[in-house]
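Here's the letter readout for the chains.
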Amino acid sequence: GLELSHCVGAGSLGPPVPWRSAGPCKMKRVRTVFKPEQLERLEQEFLKQQYMVGTERVDLAATLHLTETQVKVWFQNRRIKWRKQSMEQKKAKLTQFGVIQPATADSTDMKDHEDDTVDVEL
């Protein structure tokens, strides 16, 4: 299953404080660390199809010794990365052909949105 770290207080950045338990303990989910073999297989599957659903996802999760949710979230995050890369490639081509001007230091680009990845269980 999913590993959970210590109890965190609502809005608290420090360690858990047992005497401040004003409600149910909120557990923070520990980030999944994939093995290189798992990542290689996930990337292979992503190249075949960007969406993995149903029994295919269940089978892949079992083969890789992961949960179905871990596979689902990995595919969600990988699609976001793929879209960002596609946007950057399009932008580079348009810049190369003079359709748009190269980005300046104060312009907003995709780097501002690198924290868009989804790492939660639904």
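Presented here is a report on the structure given in the accompanying data block. (Residues numbered from 1 in each chain as written. Predicted model: local features only at pLDDT ≥ 70, side-chain atom pairs only at ≥ 80, totals over all residues. Heavy atoms only, no water.)

Considering the environment of Gln50
And then number 1: In this fold, Gln50 is placed in the loop between α1 (36-48) and α2 (54-64).
And then number 2: The spacing of Gln50 and Gln76 is 26 residues in sequence and 8.9 Å in space, taken between C-alpha atoms.
And then number 3: Setting aside its immediate chain neighbours within four residues, Gln50 contacts Phe75 and Arg79. (Helix = DSSP H or I, 4+ residues; strand = E, 2+ residues; numbered from the N terminus. Contact = heavy atoms within 4.5 Å.)

Some thoughts on a nonpolar patch on the surface
And then number 1: Together, Leu94, Phe97, Val99 and Ile100 make up an exposed nonpolar region whose accessible area comes to about 390 Å².
And then number 2: Note on placement: Leu94 falls in helix α3 (residues 68-96). (Patch = residues over 30% accessible without salt bridge, like charges linked within 9 Å, V, L, I, M, F, W, Y side chains within 5 Å. Areas by Shrake-Rupley, 256 points an atom, 1.4 Å probe, with all protein chains shown as cover. Salt bridge = Lys/Arg side-chain N within 4 Å of Asp/Glu carboxyl O.)

Things to note about the side chain of Thr32
And then number 1: Relative to the assigned elements, Thr32 resides in the loop between β2 (26-29) and α1.
And then number 2: Judged by its relative accessible area of 19%, Thr32 is buried.
And then number 3: A polar atom in the side chain of Thr32 sits 3.3 Å from the side chain of Gln70. (Buried < 20%, exposed > 50% of the residue type's maximum accessible area, 1.4 Å probe, protein only. Polar contact = N/O pair within 3.5 Å; in protein donor to acceptor, adjacent residues only side chain to side chain.)

A look at the packing of aromatic side chains
And then number 1: Following the criterion strictly, the structure yields 3 aromatic pairs and no others.
And then number 2: Judged by centre distance (6.3 Å) and plane angle (85°), the rings of Phe46 and Trp74 are edge-to-face. Remark: Trp74 occurs in helix α3 and Phe46 occurs in helix α1; sequence separation between them is 28 residues.
And then number 3: Take Phe46: its relative accessible area is 2%, and that puts it in the buried class.
And then number 4: With a centroid separation of 6.1 Å and 50° between ring planes, the pair formed by Phe46 and Phe75 is classed as tilted. Of the two residues, Phe46 is situated in helix α1 and Phe75 in helix α3; the sequence distance between them amounts to 29 residues. (Phe/Tyr/Trp six-rings, centres within 6.5 Å; stacked < 30°, edge-to-face > 60°.)

What to know about the nonpolar core
And then number 1: Core analysis: the biggest nonpolar cluster contains 11 residues, these being Phe34, Leu42, Phe46, Met52, Leu60, Ala61, Leu64, Leu66, Val71, Trp74 and Phe75.
And then number 2: Residue assignment for this core shows that the elements contributing at least two residues are α1, α2 and α3.
And then number 3: Those residues in contact with Val71 that lie beyond four places of it in its chain are Leu42, Arg57, Leu60, Ala61 and Leu66. (Core = buried A, V, L, I, M, F, W, Y, C linked by side-chain atoms within 4.5 Å.)

Observations regarding α1
The periodicity of an α-helix, 3.6 residues per turn, causes residues three or four positions apart to be oriented the same way.
And then number 1: Counted at 1.5 Å a residue, the expected span for α1 with its 13 residues is 18 Å, and the 19 Å between its end C-alpha atoms agrees.
And then number 2: Where the residues of α1 are buried, they touch α2 and α3. (Expected span 1.5 Å × (residues − 1).)

Structural notes on the pattern of salt bridges
And then number 1: According to the stated counting rule, one finds 4 salt bridges in the structure shown.
And then number 2: One salt bridge connects Glu45 with Arg41, and the closest N-O pair in it is separated by 3.1 Å. Here the residue Glu45 and the residue Arg41 both occupy positions in helix α1, the gap between them amounting to 4 residues, near one helical turn.
And then number 3: Residue Glu68 is joined to Arg57 by a salt bridge in which the shortest nitrogen-to-oxygen separation is 3.2 Å. One end of the pair, Glu68, is in helix α3; the other, Arg57, is in helix α2, and 11 residues separate them in sequence.
And then number 4: Since its relative accessible area comes to 35%, Glu68 is described here as partly exposed.

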